[in-house]
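Secondary and tertiary structure notes
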Amino acid sequence: MLKIYNSLTRQKQQFVPIEPGRVRMYVCGVTVYDFCHLGHARFLLVFDMVTRWLRASDYQVTYVRNITDIDDKIIRRAAENNETIRELTDRFVAHLDEDAAALGLLAPDHQPRATDYIGDMVSMITTLERNGYAYVAANRDVCYSVRKFAGYGKLSGKSIEDLRAGERVDVMEGKHDPLDFVLWKQSKDIDPVEARWSSPWGAGRPGWHIECSAMSSKLLGNHFDIHGGGADLQFPHHENEIAQSEGAHAGAFVNVWMHNGFVRVDDEKMSKSLGNFFTIREVLAQYDAEVVRFFILRAHYRSPINYSDVHLDDARQALSRLYICLKAVPATSETGTSGPLSIDWNSPHAQRFRAAMDDDFNTPEAIAVLFDLAAEINRGGAAELAQVLRALGATLALLQRDPQVFLQATPVTVDGLSAQGIEAQIAARAAAKKSRDFVESDRIRDTLKAVGVLLEDTPQGTTWRRA
RNA sequence: GGCGGGGUAGCAAAGUGGUUAUGCAGCGGCCUGCAAAGCCGUCUAGAUCGGUUCGAUUCCGAUCCCCGCCUCCA
């Protein structure tokens, strides 16, 4: 039985889908005005893992991940670059898709762009106005009246009285309450035409929060199972979504709220505003995508993780152990990369693995099972165990490659020898060994080692891998 | 100031009221021409101070420290 930590109730709860066998999940995506960084990679990989595990658990999942393609930063960046908003956002949507593919992510079932749903947002704001939650402020912006919504603060555990809106940032003039947030922003003369849509309140553009309420209800219905995102979205973004969606539609909005922890650098949150970020492509230039996935999944999704080369190197070493184990097992027809392997969930390792994953997606524990399995295989366990290892790895999108390919993959930053060059050296060494010229054979091995190529003599001959 | 999450061995990271987490690194051994890989063995834990308990890293309280949210942020 799957249990998930629900941010709304602050406890792990048994997961019960609204519709048996089906899961509808909405995850807040990215604002497209710059390259994605490792923090984005984390939420992308975490909810990719969640989707895969739900599917492995025989749920039919509808996964929606949105794209925010209109906001202040986008408008500003487009102006700085002297390009249209659409040019800017199209480019970064394309980059996002490239990064997602490079990370080996499943495509979401829907990837809605906010600007394609302006009409739905307008009608939702109209409903909120009719229901008495929205008002037109003195500056003509349409705002949400937070105090009218009884449940405000239930997700973030904050009480309206304790919030200190305006303490750090000036409060917009004309709001009835400093905590009220904008639903519809009135256009100003300096705003580009591209950022204006007509509405009952005049030309303008939507506030940030309304897009997720409008798009989720459009694509998943007014009430759905899981809503996810980074922990920094819990307040105010997700709190405001609840206020909007439950204010517009009577009844519950989301059953389970999931929030992933941050990626840190030197114990500080990695973020665009702090400027301490590494883009996904920068990291992938140095590390294999599977190593990055392994690094992320090695920690529980709610825990913070620190990014550093040392940790990525460590992850690579650890993952290599699993691949080395698989390499030593003779491949059968089933070990090919084609098609998912079936899993015997009654086997002891699979049971442990599933128990871990069902316990709020405890991937560190699940991965520990993988290592126990590898140890057993290395000890001379049955060859079928290698199938189990691969099949369980598959549910995390790990261990699906030819071990040789993984172990010999060249980091882009290394201008090492070609495979052919290495094979030639190995042949030369074999000849030296045959004539028992160990000085020469060791010299060759040391030379290769110096450029990061490790040789291993096995009964089947010499193999190599990258250090 | 309010709210929330943490402090586990050299590093990373889980579970757990009593029995080996796991990985990387280290040390000893086996294997090897020598290595590597692997196997066997092994050393470094649970911020501090109290309490509950036959027994606490695990429960309770206090203290110290770190991080996050309260502003755009995954």
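Above: the structure in question.
Residues numbered from 1 in each chain as written. Chains lettered and ligands numbered in written order. Predicted model: local features only at pLDDT ≥ 70, side-chain atom pairs only at ≥ 80, totals over all residues. Heavy atoms only, no water.

Focus on the side chain of H209
Just so we agree on the cut-off: For helices the rule is a DSSP run of H or I covering at least 4 residues; for strands it is a run of E covering at least 2, with both sets numbered from the N terminus onward. Contacts described as polar in this section are N or O atom pairs within 3.5 Å, which, within protein, must combine one atom able to donate a hydrogen with one able to accept it, while residues neighboring in sequence count only if both atoms come from side chains. Two residues qualify as a contact provided that any one of their heavy atoms is within 4.5 Å of a heavy atom in the partner residue.
Tracing the backbone through its elements, the reader meets H209 in the loop between β8 (204-206) and α5 (210-220). In this structure the side chain of H209 is engaged in a polar contact, spanning 3.1 Å, whose partner is the side chain of N240. Discounting residues that sit within four places of it in the chain, H209 has contacts with F181, P236, H237, N240, E241 and Q244.

Some points on the pattern of salt bridges
Let me state the cut-off plainly: Definition used for salt bridges: Asp or Glu carboxyl oxygen within 4 Å of a side-chain nitrogen of Lys or Arg. Relative accessibility under 20% of the residue-type maximum defines a buried residue, over 50% an exposed one, and the middle range a partly exposed one, all with a 1.4 Å probe and only protein chains included.
Counted according to the given criterion, the structure contains 32 salt bridges. Here E290 ties to R401 by a salt bridge, and the two come within 3.1 Å at their closest N and O atoms. Of the two residues, E290 sits in helix α8 (residues 289-297) while R401 sits in the loop between α12 (384-395) and α13 (403-408), which places them 111 residues apart along the sequence. The class of E290 is buried, set by a relative accessible area of 8%. Judged by relative accessible area, R401 falls into the partly exposed class, the value being 26%. Note that R352 and D372 form a salt bridge whose closest N and O atoms lie 2.7 Å from each other. Of the two residues, R352 sits in helix α10 (residues 348-358) while D372 sits in helix α11 (residues 363-378), which places them 20 residues apart along the sequence. Taken together, the shared-partner salt bridges connect D69, R86, D90 and R113 into one network.

Topic: the pairing of strand β2 (residues 11-14)
The side chains of a regular strand alternate, residue by residue, between the two faces of the sheet. Note the following rule: Strands pair, by our definition, only if DSSP identifies at least two bridges between them.
Sheet analysis places strand β1 (residues 3-6) next to β2, joined by 4 bridges and oriented antiparallel. Directly across from I4, in β2, lies its bridge partner Q13. Taking the residues between adjacent antiparallel strands as the criterion, β1 and β2 are bridged by 4 residues, where R10 takes a positive phi near 55 degrees.

What about the packing of α11 against α12?
Where we set the bar: Under this scheme, a helix contributes an axis fitted over its contacting stretch, all axes are lines through C-alpha atoms, and angles between N-to-C directions fall in the 0 to 180 degree range. If an angle is under 35 degrees, it is roughly parallel; if it is over 145, roughly antiparallel; if it lies from 65 to 115, roughly perpendicular; otherwise it is oblique. In a left-handed crossing the near helix is turned counterclockwise from the far helix by less than a right angle, and in a right-handed crossing that turn is clockwise. Residue type decides the class: Asp, Glu, Lys and Arg count as charged, Ala, Val, Leu, Ile, Met, Phe, Trp, Tyr, Cys and Pro as nonpolar, and the leftover types, Gly among them, as polar.
It is the contact of α11 with α12, at a shortest axis distance of 9 Å, that shows an interaxial angle of 160 degrees. Taken together, the axis directions place α11 and α12 in an arrangement best described as roughly antiparallel. The two elements α11 and α12 cross, and the hand of that crossing is left-handed. Counting all contacts with α11, which are made through L370, L373, A374, E376 and I377, the residues of α12 involved are L385, A386, V388, L389, L392 and G393. In the contact of α11 with α12, the residues fall into 9 nonpolar, 1 polar and 1 charged.

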